[in-house]
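One letter stands for each residue in the lines below.
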Amino acid sequence: MLGTFQSIFKIEELRKKILFTFAMLVVYRLGSHIPSPGIDSTLLAQSISGDTIFGLLDLFAGGAFLKATIFALGIMPYISASIMLQLLGAVVPYLQKLQKEGEEGRRKITQYSRYLTVFIAALQAFGTAQFLTSLEVPGGKIVHMPYAQFIPLTILTFTCGTIFIMWLGEQITERGIGNGISLIIFIGIVARFPDAVIEEVQYLWYGTRSFFIEVILVAVMLLVVASVILVTRSQRKVPVQYPKRVVGRRVFGGATTHLPLSVNSAGVIPIIFAQSIMFLPATVQQLFPNTEWISNFVSNTLSPGGLWYNFIYGIIIIFFAYFYTAIVFNPIDIADNMRKNGGFVPGIRPGKKTAEYIEKILTRITLPGAIFFAMIAILPWVLMNYLGVSYYFGGTGLLIVVGVALDTLQQIESHLLMRHYDGFLKKGKIRGRSY
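Rules used throughout
- Residues numbered from 1 in each chain as written.
- Predicted model: local features only at pLDDT ≥ 70, side-chain atom pairs only at ≥ 80, totals over all residues.
- Heavy atoms only, no water.
- Helix = DSSP H or I, 4+ residues; strand = E, 2+ residues; numbered from the N terminus.
- Buried < 20%, exposed > 50% of the residue type's maximum accessible area, 1.4 Å probe, protein only.
- Areas by Shrake-Rupley, 256 points an atom, 1.4 Å probe, with all protein chains shown as cover.
- Axes fitted to C-alpha atoms, helices over the stretch in contact; angles between N-to-C directions.
- Parallel < 35°, antiparallel > 145°, perpendicular 65-115°, else oblique.
- Left-handed = near helix turned anticlockwise from the far one by under 90°.
- Contact = heavy atoms within 4.5 Å.
- Nonpolar A, V, L, I, M, F, W, Y, C, P; charged D, E, K, R; others polar.
- Phe/Tyr/Trp six-rings, centres within 6.5 Å; stacked < 30°, edge-to-face > 60°.
- Core = buried A, V, L, I, M, F, W, Y, C linked by side-chain atoms within 4.5 Å.
- Arc of directions from axis to C-beta.
- Polar contact = N/O pair within 3.5 Å; in protein donor to acceptor, adjacent residues only side chain to side chain.
- pLDDT = per-residue confidence, 0-100.
- Salt bridge = Lys/Arg side-chain N within 4 Å of Asp/Glu carboxyl O.

Peer 1: Give a detailed account of the overall build of the chain, specifying residues and quantitative values.
Peer 2: Of the regular secondary structure elements, the chain holds 19 helices and six strands. Here the chain holds 435 residues, and the buried ones make up 47% of them. Only carbon and sulfur atoms are counted for the fraction: they give 64% of the accessible area of the chain, which is about 22,200 Å².

Peer 1: Tell me about unusual backbone geometry, and please be specific about residues and values.
Peer 2: Although it is not a glycine, Ala68 adopts a positive phi angle of roughly 55°. One can find Ala68 in the loop between helix H4 (53-60) and helix H5 (76-89). Under the relative-accessibility criterion, Ala68 is labelled buried at 2%.

Peer 1: Which residues make up the packing of helix H10 (residues 193-205) against helix H11 (residues 211-232), and what are the values?
Peer 2: It is the contact of H10 with H11, at a shortest axis distance of 9 Å, that shows an interaxial angle of 155°. By the criterion of interaxial angle, the relationship of H10 to H11 is roughly antiparallel. Here the hand of the crossing between H10 and H11 comes out left-handed. Along the contact surface, H10 presents Glu200, Tyr203 and Leu204, while H11 presents Phe211, Glu214 and Leu217. Its residues assigned to classes, the contact of H10 with H11 shows four nonpolar, no polar and two charged.

Peer 1: Describe the packing of aromatic side chains, with residues and values.
Peer 2: For any pair of aromatic rings, the description consists of the separation of the ring centres together with the inter-plane angle of the planes. Evaluation of the coordinates by the stated rule reveals 12 aromatic pairs. For the ring pair Phe273 and Tyr324, a centre distance of 6.1 Å and an interplane angle of 90° mean the geometry is edge-to-face. Highlighted residues: Phe273 in helix H12 (residues 269-278) and Tyr324 in helix H15 (residues 307-328), separated in sequence by 51 residues. Just as Phe273 is buried, Tyr324 falls in that class too.

Peer 1: Can you explain H12? Please cite residues and give values.
Peer 2: Where burial is concerned, most of H12 is hidden: nine out of the 10 residues are buried. Every buried residue belonging to H12 is among Ile269, Pro270, Ile271, Ile272, Phe273, Ala274, Gln275, Ser276 and Met278, and all of these are buried.

Peer 1: Residues and numbers for the nonpolar core, please.
Peer 2: Ranked by internal contacts, the top residues of the largest apolar core, which has 84 residues, are Ile79 and Ile185. A total of nine residues in this core trace back to one element, the largest contributor, which is helix H18 (residues 395-418). Setting aside residues no more than four positions away along its own chain, Ile79 makes contact with Ile181, Ile185, Ile272, Phe273 and Ser276. Val240, Met338, Ile358 and Ile365 belong to the second-largest nonpolar core, a separate cluster that totals 11 residues.

Peer 1: Tell me what's going on with the environment of Thr21, and back it up with residues and numbers.
Peer 2: Relative to the helices and strands, Thr21 resides in helix H2 (residues 12-31). Residue class for Thr21 comes out buried when judged on its relative accessible area of 6%. Sequence separation between Thr21 and Gly178 is 157 residues, and the spatial gap between their C-alpha atoms is 8.4 Å. Here Thr21 is in contact with Ile172, Gly176, Ile177 and Leu183, once residues within four sequence places are set aside.

Peer 1: Describe helix H16 (residues 331-340), naming the residues involved and giving the relevant values.
Peer 2: Turning to H16, its buried residues are Pro331, Ala335 and Met338. Viewed end-on, H16 has its buried residues packed into an arc of 65°, placing them on one side of the element. Facing away from the buried side of H16, by more than 90 degrees, are the exposed residues Ile332 and Lys340. Residue Asn330 occupies the N-cap position of H16, its side-chain oxygen lying 3.0 Å from the main-chain nitrogen of Ile332. Following H16 by one or two positions, Gly342 adopts a phi angle in the positive range, close to 85°.

Peer 1: I'd like a description of the confidence of the model for the chain, backed by residues and values.
Peer 2: Confidence in the prediction of the chain, expressed as mean pLDDT, is 79, and 83% of residues score 70 or more. Taken together, the stretch residues 431-435 has pLDDT below 50 and engages in 17 contacts with residues farther than four places along the chain or on a different chain.

Peer 1: Could you give an account of the pattern of salt bridges, with specific residues and numbers?
Peer 2: Applying the stated criterion across every chain yields a total of four salt bridges. Ionic pairing is found between Arg107 and Glu104, a salt bridge with its closest N-O pair at 2.5 Å. Pair noted here: Arg107 and Glu104 are both in helix H7 (residues 103-134), with a separation of three residues, about one helical turn. Accessibility expressed as a relative area gives 38% for Glu104, which makes it partly exposed. Arg339 is the salt-bridge partner of Asp336, the closest N and O atoms lying 3.6 Å from each other. Here Asp336 and its partner Arg339 are both found in helix H16, three residues apart, which amounts to about one turn of the helix. Residue Asp336 is classed as partly exposed on the basis of its relative accessible area, which comes to 25%. The exposure class assigned to Arg339 is partly exposed, which follows from its relative accessible area of 45%.

Peer 1: Requested: an account of the packing of H7 against helix H8 (residues 147-175), with residues and values cited.
Peer 2: Two elements in contact, H7 and H8, have axes separated by 8 Å at closest approach and are oriented at 145°. Note on packing geometry: the crossing formed by H7 with H8 is right-handed.

Peer 1: Requested: an account of the environment of Phe150, with residues and values cited.
Peer 2: With respect to the secondary-structure elements, Phe150 resides in helix H8. A relative accessible area of 0% places Phe150 in the buried class. On a C-alpha basis, the gap between Phe150 and Gly38 in space is 6.7 Å, while along the polypeptide they are 112 residues apart. Sequence-distant contacts of Phe150, defined by excluding residues within four places in its chain, comprise Pro37, Gly38, Ile39, Ala129, Leu132, Thr133, Val143 and Met145.

Peer 1: Tell me about the side chain of Ser36, residues and numbers included.
Peer 2: Mapped onto the secondary structure, Ser36 falls in the loop between H2 and helix H3 (41-47). Other than its neighbours up to four places away in sequence, Ser36 contacts Ala68, Thr69, Ile70, Thr157 and Phe158.

Listed below in structure tokens is the structure:
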């Protein structure tokens with residue numbers, strides 16, 4: 001393992017990418033501690049419970065929401081914009097055309113995502129500002145600034161903060177190790193883990209929680225991590241044969257290989273997208289704080305940990321697992337490429353039949369993977385109800401942390417293998433080594 005880390009810094013390109021990514025993440029964490037004007041962060045943290053929808057928003061924002069910093073909205077407005085454009089891309093002909101135009105089309109879609117992010121961030125900032133002005137606690141008002149000044153200033157501050165985070169994520173993707181947006185969410189969640197560990201140690205030290213419960217908690221966490229890694233790297237290998245071809249005096253083909261179909265082709269994207277959708281009711285509640293039926297509906301029906309919240313959350317995860325898999329994996333293109341190169345699946349006719357066969361397998365193996373991740377995402381509410389643990393142990397947080405960590409290791413592994421260095425595992429199943 002030590003030799004692998006030494007190899008990373010021997011490769012100049014990889015070393016620059018990692019150091020640049022680290023620098024951008026440091027900038028993000030520094031920004032998460034710059035306070036937004038006019039808000040008493042101490043009173044805000046006292047007035048909002050961690051197991052509410054705002055506690056979840058704070059988890060994804062890396063603690064910036066309850067600290068009332070300039071990055072309070074986090075990266076979720078950008079993710080919401082991306083979801084909307086991807087969903088519209090399935091029904092709007094113009095966006096479908098852009099998706100097929102290659103790099104130029106992707107640049108235009110990215111530009112539209114930025115514009116939509118600004119609009120969504122401004123809307124959420126307005127709703128958040130309205131919500132903050134309505135909060136009162138025994139220690140006084142959370143907002144200590146005139147309404148006419150606080151609202152526009154907060155909208156400008158929070159929107160600019162989200163735009164800056166979006167820029168940081170794009171820079172990490174283009175010039176860093178990749179997966180910029182996912183890494184920003186990853187580092188925000190990891191930043192909360194030390195507080196969670198300290199809290200658990202205090203529970204144990206003061207006798208609030210028994211040693212037996214803590215052992216069960218650690219065992220559950222290890223089991224969740226191991227099972228997430230197992231399911232994330234599970235594959236169904238479809239055999240593919242290539243016939244021999246004689247060109248001059250050289251013989252090509254004649255090999256038998258396989259097409260790896262992942263149980264979780266979409267990665268952590270369905271979890272992130274689903275959580276972004278679940279933030280929508282809270283946003284509506286912020287925009288209409290004085291509407292009683294909206295407040296009751298969000299508080300009672302869609303309260304985090306409730307039956308309907310968990311059910312809807314799980315269904316959305318399963319939906320986005322299929323939706324994003326259909327975006328990143330096109331069976332028709334795979335079948336056409338195989339046919340052009342002379343490859344075929346034994347017993348299946350090339351072309352349309354092969355595409356249908358691959359799609360059938362992909363549909364079957366995606367379902368158990370999606371259900372598994374939906375169950376893991378709901379796990380923290382079960383832990384809170386029966387073990388009384390912090391909500392950021394297990395569930396959504398661990399899924400994202402483990403998934404992004406594996407993807408990042410895959411990126412580094414690919415760079416090492418291209419330059420004939422050993423990767424992190426000699427006999428592991430990191431996907432970069434199996435291709």
